[in-house]
Protein chains: 2
Amino acid sequence: MTATHEEIEGFMKVALDEAAKAEAIGEVPIGAVVVYNGQVIGRGHNMREHTQDGTHHAEMMAIREACMVRHSWRLEDCDLYVTLEPCPMCAGAMINSRVRICYWGAPDPKAGAAGTLVNLLTDSRFNHQVGSVGGIFQAESSAMLTRFFRGIRAKQKAAKASGN
Amino acid sequence: MTATHEEIEGFMKVALDEAAKAEAIGEVPIGAVVVYNGQVIGRGHNMREHTQDGTHHAEMMAIREACMVRHSWRLEDCDLYVTLEPCPMCAGAMINSRVRICYWGAPDPKAGAAGTLVNLLTDSRFNHQVGSVGGIFQAESSAMLTRFFRGIRAKQKAAKASGN
(Lines give C-alpha, C1' and ligand atoms only; values in the text may rest on other atoms or scores of the structure.)
Protein backbone atom coordinates (compact mmCIF):
# COMPACT_ATOMS: atom_id res chain seq x y z
CA MET A 1 0.00 0.00 0.00
CA THR A 2 1.57 3.27 -1.14
CA ALA A 3 1.06 6.40 0.94
CA THR A 4 -0.94 9.28 -0.50
CA HIS A 5 0.57 12.75 -0.90
CA GLU A 6 -1.42 13.92 2.15
CA GLU A 7 -0.20 10.98 4.25
CA ILE A 8 3.42 11.59 3.25
CA GLU A 9 3.17 15.25 4.23
CA GLY A 10 1.34 14.36 7.44
CA PHE A 11 3.98 11.89 8.60
CA MET A 12 6.83 14.22 7.63
CA LYS A 13 5.20 16.86 9.83
CA VAL A 14 5.40 14.40 12.73
CA ALA A 15 9.10 13.88 11.91
CA LEU A 16 9.53 17.69 11.90
CA ASP A 17 7.88 17.79 15.34
CA GLU A 18 10.48 15.26 16.50
CA ALA A 19 13.23 17.50 15.04
CA ALA A 20 11.79 20.43 17.02
CA LYS A 21 12.15 18.36 20.22
CA ALA A 22 15.87 17.98 19.47
CA GLU A 23 16.19 21.72 18.77
CA ALA A 24 14.47 22.55 22.06
CA ILE A 25 17.19 20.76 24.02
CA GLY A 26 20.12 22.05 21.97
CA GLU A 27 20.61 18.98 19.77
CA VAL A 28 20.99 19.18 15.98
CA PRO A 29 17.32 19.26 14.87
CA ILE A 30 16.71 16.00 13.03
CA GLY A 31 13.62 13.86 13.56
CA ALA A 32 12.29 10.56 12.26
CA VAL A 33 9.25 8.30 12.46
CA VAL A 34 8.52 4.74 11.35
CA VAL A 35 5.02 4.13 10.00
CA TYR A 36 3.21 0.80 9.75
CA ASN A 37 -0.27 0.48 8.33
CA GLY A 38 -0.96 4.19 8.62
CA GLN A 39 0.23 4.39 12.25
CA VAL A 40 3.41 5.86 13.74
CA ILE A 41 5.06 2.95 15.60
CA GLY A 42 8.52 4.45 16.17
CA ARG A 43 9.80 7.97 16.79
CA GLY A 44 13.19 9.47 17.40
CA HIS A 45 15.20 12.64 17.41
CA ASN A 46 18.90 13.25 17.49
CA MET A 47 20.24 12.88 21.06
CA ARG A 48 23.94 12.44 20.49
CA GLU A 49 25.10 15.17 22.87
CA HIS A 50 22.73 14.30 25.71
CA THR A 51 23.48 10.59 25.60
CA GLN A 52 27.09 10.90 24.35
CA ASP A 53 26.31 7.90 22.16
CA GLY A 54 27.55 8.15 18.58
CA THR A 55 24.80 5.83 17.34
CA HIS A 56 21.96 7.94 18.77
CA HIS A 57 20.57 9.34 15.51
CA ALA A 58 16.85 10.00 14.98
CA GLU A 59 16.39 7.11 12.51
CA MET A 60 18.12 4.57 14.76
CA MET A 61 15.83 5.40 17.66
CA ALA A 62 12.73 5.23 15.46
CA ILE A 63 13.83 1.87 14.00
CA ARG A 64 14.64 0.37 17.40
CA GLU A 65 11.28 1.44 18.80
CA ALA A 66 9.45 0.05 15.75
CA CYS A 67 11.27 -3.30 16.16
CA MET A 68 10.15 -3.42 19.80
CA VAL A 69 6.56 -2.59 18.91
CA ARG A 70 6.43 -5.19 16.13
CA HIS A 71 8.47 -7.77 18.11
CA SER A 72 10.47 -8.24 14.92
CA TRP A 73 13.67 -6.98 13.33
CA ARG A 74 11.89 -7.19 9.98
CA LEU A 75 10.17 -3.90 9.19
CA GLU A 76 9.22 -5.03 5.69
CA ASP A 77 5.88 -3.21 5.51
CA CYS A 78 7.14 -0.12 7.27
CA ASP A 79 8.17 3.25 5.86
CA LEU A 80 10.58 5.67 7.51
CA TYR A 81 10.26 9.46 7.38
CA VAL A 82 13.29 11.56 8.30
CA THR A 83 13.84 15.31 8.02
CA LEU A 84 17.44 15.03 6.73
CA GLU A 85 18.90 12.63 4.16
CA PRO A 86 20.17 9.59 6.11
CA CYS A 87 23.89 9.05 6.82
CA PRO A 88 25.54 5.69 5.95
CA MET A 89 24.82 4.27 9.43
CA CYS A 90 21.11 5.04 9.25
CA ALA A 91 20.76 4.03 5.59
CA GLY A 92 22.49 0.76 6.50
CA ALA A 93 20.12 0.23 9.43
CA MET A 94 17.17 0.67 7.05
CA ILE A 95 18.63 -1.95 4.68
CA ASN A 96 19.30 -4.33 7.59
CA SER A 97 15.79 -3.98 8.97
CA ARG A 98 14.15 -4.22 5.53
CA VAL A 99 12.40 -0.82 5.62
CA ARG A 100 10.15 -0.43 2.54
CA ILE A 101 10.47 3.26 1.62
CA CYS A 102 12.51 6.09 3.12
CA TYR A 103 10.95 9.53 2.69
CA TRP A 104 13.52 12.20 3.53
CA GLY A 105 13.62 15.99 3.67
CA ALA A 106 16.73 18.05 2.99
CA PRO A 107 19.79 16.61 1.23
CA ASP A 108 22.94 16.30 3.36
CA PRO A 109 26.08 17.40 1.47
CA LYS A 110 28.32 16.16 4.31
CA ALA A 111 27.05 12.62 4.87
CA GLY A 112 24.09 11.91 2.58
CA ALA A 113 23.81 8.21 1.75
CA ALA A 114 20.61 8.38 -0.30
CA GLY A 115 22.24 9.84 -3.39
CA THR A 116 24.20 12.92 -2.35
CA LEU A 117 27.55 11.29 -1.49
CA VAL A 118 26.69 7.62 -1.94
CA ASN A 119 23.45 5.81 -2.64
CA LEU A 120 23.18 2.85 -0.32
CA LEU A 121 19.38 2.59 -0.12
CA THR A 122 18.78 1.45 -3.68
CA ASP A 123 22.10 -0.33 -4.33
CA SER A 124 21.04 -3.64 -5.88
CA ARG A 125 24.12 -5.47 -4.58
CA PHE A 126 22.74 -5.49 -1.04
CA ASN A 127 20.14 -8.11 -0.08
CA HIS A 128 17.40 -5.51 0.33
CA GLN A 129 16.62 -2.23 -1.41
CA VAL A 130 14.83 0.64 0.29
CA GLY A 131 12.71 2.95 -1.86
CA SER A 132 14.04 6.51 -1.65
CA VAL A 133 11.95 9.67 -2.00
CA GLY A 134 13.74 12.92 -1.13
CA GLY A 135 12.87 16.59 -0.82
CA ILE A 136 9.72 16.29 1.34
CA PHE A 137 9.39 19.59 3.26
CA GLN A 138 13.00 20.27 2.36
CA ALA A 139 12.69 24.04 2.97
CA GLU A 140 11.25 23.55 6.49
CA SER A 141 13.92 21.05 7.44
CA SER A 142 16.76 23.16 6.03
CA ALA A 143 15.44 26.30 7.73
CA MET A 144 15.40 24.55 11.11
CA LEU A 145 18.99 23.34 10.64
CA THR A 146 20.21 26.75 9.37
CA ARG A 147 18.62 28.51 12.36
CA PHE A 148 20.22 26.01 14.74
CA PHE A 149 23.77 26.37 13.37
CA ARG A 150 23.40 30.16 13.10
CA GLY A 151 22.50 30.19 16.80
CA ILE A 152 25.57 28.13 17.66
CA ARG A 153 27.87 30.43 15.68
CA ALA A 154 26.33 33.50 17.37
CA LYS A 155 26.95 31.97 20.80
CA GLN A 156 30.54 31.13 19.89
CA LYS A 157 31.09 34.70 18.63
CA ALA A 158 29.60 36.18 21.80
CA ALA A 159 31.76 33.93 23.98
CA LYS A 160 34.86 34.97 22.03
CA ALA A 161 33.96 38.68 22.31
CA SER A 162 33.56 38.40 26.09
CA GLY A 163 36.90 36.63 26.36
CA ASN A 164 35.46 33.26 27.46
CA MET B 1 50.14 4.62 19.16
CA THR B 2 49.86 1.80 16.62
CA ALA B 3 49.09 -1.71 17.83
CA THR B 4 51.76 -4.38 17.48
CA HIS B 5 51.14 -7.55 15.52
CA GLU B 6 50.76 -9.46 18.80
CA GLU B 7 48.27 -6.94 20.16
CA ILE B 8 46.21 -7.06 16.97
CA GLU B 9 46.05 -10.86 17.11
CA GLY B 10 45.30 -10.78 20.84
CA PHE B 11 42.35 -8.39 20.48
CA MET B 12 40.99 -10.25 17.46
CA LYS B 13 41.00 -13.40 19.61
CA VAL B 14 38.78 -11.57 22.11
CA ALA B 15 36.47 -10.62 19.23
CA LEU B 16 36.43 -14.30 18.18
CA ASP B 17 35.48 -15.22 21.77
CA GLU B 18 32.57 -12.79 21.44
CA ALA B 19 31.58 -14.47 18.14
CA ALA B 20 31.62 -17.84 19.94
CA LYS B 21 29.13 -16.44 22.49
CA ALA B 22 26.76 -15.64 19.61
CA GLU B 23 27.25 -19.12 18.13
CA ALA B 24 26.49 -20.73 21.51
CA ILE B 25 23.02 -19.16 21.55
CA GLY B 26 22.20 -19.79 17.90
CA GLU B 27 23.02 -16.32 16.56
CA VAL B 28 25.20 -15.74 13.49
CA PRO B 29 28.71 -15.85 15.02
CA ILE B 30 30.12 -12.34 14.71
CA GLY B 31 31.98 -10.59 17.53
CA ALA B 32 33.58 -7.20 18.09
CA VAL B 33 35.59 -5.27 20.66
CA VAL B 34 36.59 -1.63 21.02
CA VAL B 35 40.08 -1.01 22.41
CA TYR B 36 41.39 2.15 24.07
CA ASN B 37 44.92 2.50 25.33
CA GLY B 38 45.52 -1.24 25.24
CA GLN B 39 42.30 -2.09 27.12
CA VAL B 40 39.03 -3.57 25.87
CA ILE B 41 36.36 -0.97 26.76
CA GLY B 42 33.47 -2.31 24.65
CA ARG B 43 32.34 -5.78 23.58
CA GLY B 44 29.50 -7.10 21.52
CA HIS B 45 28.20 -10.05 19.60
CA ASN B 46 25.38 -10.39 17.15
CA MET B 47 22.04 -10.64 18.99
CA ARG B 48 19.55 -9.83 16.27
CA GLU B 49 17.33 -12.87 16.72
CA HIS B 50 17.24 -12.78 20.53
CA THR B 51 16.48 -9.07 20.69
CA GLN B 52 14.54 -8.85 17.38
CA ASP B 53 16.34 -5.54 16.89
CA GLY B 54 17.73 -4.97 13.41
CA THR B 55 20.45 -2.65 14.74
CA HIS B 56 21.84 -5.22 17.20
CA HIS B 57 25.10 -6.03 15.40
CA ALA B 58 28.32 -6.84 17.28
CA GLU B 59 30.04 -3.57 16.34
CA MET B 60 27.09 -1.42 17.40
CA MET B 61 27.02 -2.99 20.85
CA ALA B 62 30.79 -2.60 21.25
CA ILE B 63 30.65 1.06 20.14
CA ARG B 64 27.72 1.88 22.43
CA GLU B 65 29.45 0.31 25.42
CA ALA B 66 32.70 2.15 24.62
CA CYS B 67 30.80 5.49 24.42
CA MET B 68 29.30 4.76 27.85
CA VAL B 69 32.68 3.87 29.36
CA ARG B 70 34.37 6.97 27.92
CA HIS B 71 31.35 9.24 28.57
CA SER B 72 31.84 10.49 25.02
CA TRP B 73 30.54 9.83 21.53
CA ARG B 74 34.04 10.58 20.25
CA LEU B 75 36.10 7.40 20.12
CA GLU B 76 39.01 9.14 18.39
CA ASP B 77 41.79 7.14 20.04
CA CYS B 78 39.92 3.85 19.90
CA ASP B 79 40.29 0.92 17.52
CA LEU B 80 37.58 -1.60 16.70
CA TYR B 81 38.18 -5.30 16.04
CA VAL B 82 35.44 -7.31 14.33
CA THR B 83 35.48 -10.87 13.01
CA LEU B 84 33.55 -10.06 9.79
CA GLU B 85 33.92 -7.08 7.45
CA PRO B 86 31.47 -4.41 8.67
CA CYS B 87 28.16 -3.74 6.90
CA PRO B 88 27.20 -0.14 5.89
CA MET B 89 25.39 0.47 9.22
CA CYS B 90 28.40 -0.53 11.31
CA ALA B 91 30.95 1.17 9.04
CA GLY B 92 28.80 4.30 9.25
CA ALA B 93 28.68 4.06 13.05
CA MET B 94 32.49 3.89 13.11
CA ILE B 95 32.71 7.04 10.94
CA ASN B 96 30.15 8.82 13.13
CA SER B 97 31.96 7.93 16.36
CA ARG B 98 35.42 8.72 14.93
CA VAL B 99 36.94 5.27 15.44
CA ARG B 100 40.66 5.34 14.54
CA ILE B 101 41.27 1.93 12.92
CA CYS B 102 38.96 -0.97 12.12
CA TYR B 103 40.68 -4.37 12.11
CA TRP B 104 38.39 -6.94 10.54
CA GLY B 105 38.49 -10.67 9.82
CA ALA B 106 36.73 -12.31 6.89
CA PRO B 107 35.44 -10.31 3.91
CA ASP B 108 31.64 -10.20 3.52
CA PRO B 109 30.56 -10.64 -0.12
CA LYS B 110 26.92 -9.84 0.79
CA ALA B 111 27.27 -6.59 2.73
CA GLY B 112 30.95 -5.66 3.08
CA ALA B 113 31.43 -1.91 3.40
CA ALA B 114 35.20 -1.89 3.92
CA GLY B 115 36.06 -2.57 0.29
CA THR B 116 34.12 -5.64 -0.82
CA LEU B 117 30.89 -3.96 -2.02
CA VAL B 118 31.56 -0.34 -1.06
CA ASN B 119 34.34 1.31 0.88
CA LEU B 120 32.83 3.71 3.36
CA LEU B 121 35.57 3.62 6.01
CA THR B 122 38.25 5.43 4.01
CA ASP B 123 36.01 7.54 1.74
CA SER B 124 37.57 11.02 1.95
CA ARG B 125 34.24 12.77 1.30
CA PHE B 126 33.01 11.96 4.80
CA ASN B 127 34.18 14.14 7.70
CA HIS B 128 36.20 11.30 9.25
CA GLN B 129 38.16 8.39 7.81
CA VAL B 130 38.63 5.11 9.64
CA GLY B 131 41.80 3.11 8.95
CA SER B 132 40.91 -0.30 7.55
CA VAL B 133 42.98 -3.48 7.99
CA GLY B 134 41.28 -6.68 6.82
CA GLY B 135 42.03 -10.39 6.87
CA ILE B 136 43.00 -10.78 10.56
CA PHE B 137 42.25 -14.42 11.51
CA GLN B 138 40.14 -14.62 8.39
CA ALA B 139 40.27 -18.44 8.29
CA GLU B 140 39.06 -18.79 11.89
CA SER B 141 36.22 -16.33 11.40
CA SER B 142 35.13 -17.90 8.09
CA ALA B 143 35.28 -21.42 9.56
CA MET B 144 32.98 -20.40 12.41
CA LEU B 145 30.46 -18.86 9.99
CA THR B 146 30.61 -21.84 7.60
CA ARG B 147 30.02 -24.29 10.47
CA PHE B 148 27.07 -22.21 11.69
CA PHE B 149 25.31 -22.03 8.32
CA ARG B 150 26.04 -25.70 7.59
CA GLY B 151 24.34 -26.55 10.89
CA ILE B 152 21.29 -24.47 9.96
CA ARG B 153 20.98 -26.14 6.57
CA ALA B 154 21.30 -29.59 8.16
CA LYS B 155 18.50 -28.74 10.62
CA GLN B 156 16.28 -27.46 7.80
CA LYS B 157 16.95 -30.64 5.79
CA ALA B 158 16.14 -32.85 8.80
CA ALA B 159 12.93 -30.92 9.47
CA LYS B 160 11.89 -31.29 5.83
CA ALA B 161 12.66 -35.04 5.87
CA SER B 162 10.53 -35.54 9.00
CA GLY B 163 7.69 -33.56 7.42
CA ASN B 164 7.85 -30.62 9.86
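Conventions we followed
Residues numbered from 1 in each chain as written. Chains lettered and ligands numbered in written order. Predicted model: local features only at pLDDT ≥ 70, side-chain atom pairs only at ≥ 80, totals over all residues. Heavy atoms only, no water. UniProt positions renumbered as here; feature names shortened; annotations may be inferred. Helix = DSSP H or I, 4+ residues; strand = E, 2+ residues; numbered from the N terminus. Disulfide = S-S within 2.5 Å. Buried < 20%, exposed > 50% of the residue type's maximum accessible area, 1.4 Å probe, protein only. Contact = heavy atoms within 4.5 Å. Buried area = accessible area lost by both parts, 1.4 Å probe. Salt bridge = Lys/Arg side-chain N within 4 Å of Asp/Glu carboxyl O. Polar contact = N/O pair within 3.5 Å; in protein donor to acceptor, adjacent residues only side chain to side chain. Nonpolar A, V, L, I, M, F, W, Y, C, P; charged D, E, K, R; others polar. Core = buried A, V, L, I, M, F, W, Y, C linked by side-chain atoms within 4.5 Å. Pairing = 2+ DSSP bridges. Right-handed = clockwise from strand over helix to strand, strands pointing away. Least-squares fit on C-alpha atoms with pLDDT ≥ 70 in both. Expected span 1.5 Å × (residues − 1).

The name given to chain A in an unreviewed UniProt entry is tRNA-specific adenosine deaminase. Listed under Catalytic activity (unreviewed entry) in UniProt, the entry text for chain A is "adenosine(34) in tRNA + H2O + H(+) = inosine(34) in tRNA + NH4(+)". UniProt annotates chain A under Sequence similarities (unreviewed entry) with the comment "Belongs to the cytidine and deoxycytidylate deaminase family. ADAT2 subfamily."

**A few points about the UniProt feature "domain: CMP/dCMP-type deaminase" (unreviewed entry) in chain A**
The feature "domain: CMP/dCMP-type deaminase" (unreviewed entry), as given by UniProt, occupies residues 6–117 of chain A in the numbering adopted here. The straight-line gap between the two end C-alpha atoms of residues 6–117 of chain A is 29 Å; of that span, 40% is helix and 23% is strand.

**Considerations on the state of the cysteines**
Residues and elements named next belong to chain A. In the structure shown here, the tally under the stated rule is zero disulfides over all chains. Of all cysteine sulfurs in the structure, the one in Cys-78 sits closest to Cys-67, which takes part in no disulfide; the separation is 8.4 Å. With a relative accessible area of 1%, Cys-67 lands in the buried category.

**Structural notes on the interface of chain A and chain B**
Contact with chain A, which involves 29 residues of that partner, is made by 29 residues of chain B. For the pair chain A and chain B, the summed buried area comes to about 2600 Å², and 60% of that belongs to carbon and sulfur atoms. Of all residues in chain A, the largest losses of buried area upon contact with chain B belong to Gln-52, Arg-64 and Trp-73 of chain A, amounting jointly to 23% of the total for that side. Summed over the shared surface of chain A and chain B, the result is two salt bridges. Inspection of the chain A/chain B interface yields eight residue pairs in polar contact (both at pLDDT 80 or more). Of all the secondary structure elements, the ones that give two or more residues to the side of chain A that touches chain B are α2 (48–51), α3 (58–70) and α4 (88–96) of chain A. It is α4 of chain A that contributes the most residues to the side of chain A that touches chain B, five residues altogether. Its residues assigned to classes, the side of chain A that touches chain B comprises 13 nonpolar, nine polar and seven charged.

**Quick look at the nonpolar core**
Counting 74 residues, the largest nonpolar core has Leu-80, Met-94 and Leu-120 of chain A together with Leu-80, Met-94 and Leu-120 of chain B as its most contacted members. Excluding residues within four positions of it along the chain, Leu-120 of chain B makes contact with Pro-88, Val-118 and Leu-120 of chain A together with Pro-88, Ala-91, Ile-95, Ala-113 and Phe-126 of chain B.

**Details of the pairing of strand β4 (residues 101–106) of chain A**
All names here are of chain A. The element β4 is extensively covered by neighbouring structure, given that six of its six residues are classed as buried. One ladder, built from five bridges, connects strand β3 (residues 78–84) with β4; its direction is parallel. Bridging across to β4, Leu-84 finds its partner in Ala-106. Between β3 and its parallel partner β4, the chain crosses via α4, and the hand of that crossover is right-handed. Here three bridges tie β4 to strand β5 (residues 131–133), and the two strands are oriented parallel to one another. Paired with Tyr-103 across the strands is Val-133, a residue of β5.

**Regarding the relation of the copies chain A and chain B**
Superposing chain A onto chain B takes a rotation of 180° combined with a translation of 0.0 Å along the rotation axis, leaving an RMSD of 0.0 Å. Put plainly, the chains are arranged around a two-fold axis. Closest approach to the rotation axis within chain A is made by the C-alpha atom of Met-89 of chain A, at a distance of 1.9 Å. Comparing interface residues between copies, 100% of those in chain A also lie at the interface in chain B; the contact surface is shared.

**Quick notes on the side chain of Asp-108 of chain B**
Residue and element names in this part refer to chain B. With respect to the helices and strands, the residue Asp-108 is situated in the loop between β4 (101–106) and β5 (131–133). In terms of polar contacts, Asp-108 uses its side chain to reach the backbone amide nitrogen of Lys-110, at 2.9 Å. Sequence-distant contacts of Asp-108, that is, excluding residues within four places in its chain, are made with Leu-84, Glu-85 and Thr-116.

**Topic: helix α1 (residues 5–24) of chain A**
Residue and element names in this part refer to chain A. A rise of 1.5 Å per residue sets the reference length of α1, with its 20 residues, at 28 Å; its end C-alpha atoms lie 29 Å apart and thus fit the reference within 8%. Of all the positions in α1, only Ile-8, Phe-11, Met-12, Val-14, Ala-15, Leu-16, Glu-18, Ala-19 and Ala-22 are classed as buried. The elements touched by buried residues of α1 are β1 (31–36), β2 (39–45), β3, β4 and α5 (138–161). In the stretch just after α1, Gly-26 is the one whose phi turns positive, near 80°.

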